[in-house]
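Coordinate inspection notes
So the chains spell out like this:
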Amino acid sequence: MTSIWTRWILALLLVSASAEARAHQAWLYLENDIVSGSDGHYTGGMELGIAGSETSCSGPLAGKGRCLLAGQLRLLAFTPRNTHVERPVNDLPYAGVALWDITLFHQPEGARHVWQGRLRLGWLGPSTHIGEVQQQIHRLLGNHVPTGWRHQLGDQPVWGVGLGVAAPLMGGDRNGWILNGHVGAELGTLSHYVNASLLLRWGGTDLCTFDQVLGGSASRALAHDRGWHVDLGLQLAWMPHNLLVEAAPGLRQVDWLPRAMVNVGYDSGRWALAWRLHAARYPSLEREEIDSWGGLALSVRL
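Not measured: the values here are computed from a predicted model.

1. Focus on the overall build of the protein
- A count of helices and strands for the protein gives 4 helices and 13 strands.
- Expressed as a percentage of its 302 residues, the buried residues of the protein come to 52%.
- At a minimum sequence separation of 6, the contacts of the protein that also span at least 24 residues come to 64%.
- Surface exposure of the protein reaches about 14000 Å², of which carbon and sulfur atoms provide 62%.

See the structure below:
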């Protein structure tokens, strides 16, 4: 298993340095309560993504095929449900997280499945200044300014390595819809998890999966379906380690986390706009209601 992770990390670094991995697509994804309703633990975030064009390559787990590299910069703000208190009890702490994800997709020749390897590097804590940005935005909008950011989790580096595989299960070709499946895992300082998901896409037949736990799915770089499309995704994750939960005294770690996603978008061939809504239950926070979050994504092919 160690050799597999090592080969994926080396492949990610080598491809990211290659001139063939020049930018082919870019996107901006903004998440906020204004767009999605009420989330109660994750108050907002921003993602900047860029992807190269498909190239011929030899993957670390299979022979010759096609490869695509995508990079994602994520700025995430986590808060407790009640932001009027400075030191929350039995709730998530304040935390600002900046992440850089490098994802390499490899499809072997003659295969329908796609391997996905990810290297995640980042930083957590006051040095990200994410808490200050959130407070300024709330002041500009005239909203309540969260009071507890001075008690946020301290500075520390974060990292993770992930591996997964996605494949079409039903539909595709000329049917106008496709059911895609994905299984994956990650080891890292933010979390350890294993997840499995299904995504049903109407209005397109390109491979696209619901594989994210933090931020957006890099597999969106694989989907180039023109016109309207609607995605419905279901995911079940087993997460024995979650840094935010473990940093909060009084919270109990619950391993199994169910999640759902709805994505509605339009792709003109060059520009694409989508609205996304996520919903999940977090038993470790002892809440009966379902948390929701989402936002708008704008992408362009360069």
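2. Section: the pattern of salt bridges
- Counted according to the given criterion, the structure contains 10 salt bridges.
- The partner of Glu-47 in a salt bridge is Arg-74, with the nearest N and O atoms 3.3 Å apart. Of this pair, Glu-47 sits in strand S2 (residues 42–52) while Arg-74 sits in strand S4 (residues 64–78), placing them 27 residues apart in sequence. Considered together, Glu-47 and Arg-74 belong to a single accessibility category, that of buried residues.
- Between Asp-231 and Arg-201 there is a salt bridge, and its shortest N-O distance comes to 2.8 Å. On the criterion of sequence distance, the pair formed by Asp-231 in strand S10 (residues 227–242) and Arg-201 in strand S9 (residues 191–202) is long-range, its members being 30 residues apart.

Conventions and cut-offs
Residue numbering note: each chain is counted from 1, following its sequence as written. Given that this is a predicted model, residues contribute local features only at a pLDDT of at least 70 and side-chain atom pairs are listed and counted only at 80 or more, while totals for whole chains, interfaces and linings are drawn from all residues. As a rule here, side-chain values cover all heavy atoms of the structure and leave hydrogens and water aside. Counting from the N terminus, the helices are DSSP H or I runs at least four residues long and the strands are E runs at least two residues long. For every residue, the accessible area obtained with a 1.4 Å probe (protein chains only) is divided by the maximum for its type, and the residue is called buried under 20%, exposed over 50%, and partly exposed between those limits. Contacts are assigned to residue pairs with any non-hydrogen atoms lying within 4.5 Å of each other. Surface accessibility follows the Shrake-Rupley procedure with a 1.4 Å probe radius. Residue values consider only the protein chains on display as shielding. We define a salt bridge as a side-chain nitrogen of Lys or Arg found within 4 Å of a carboxyl oxygen belonging to Asp or Glu.

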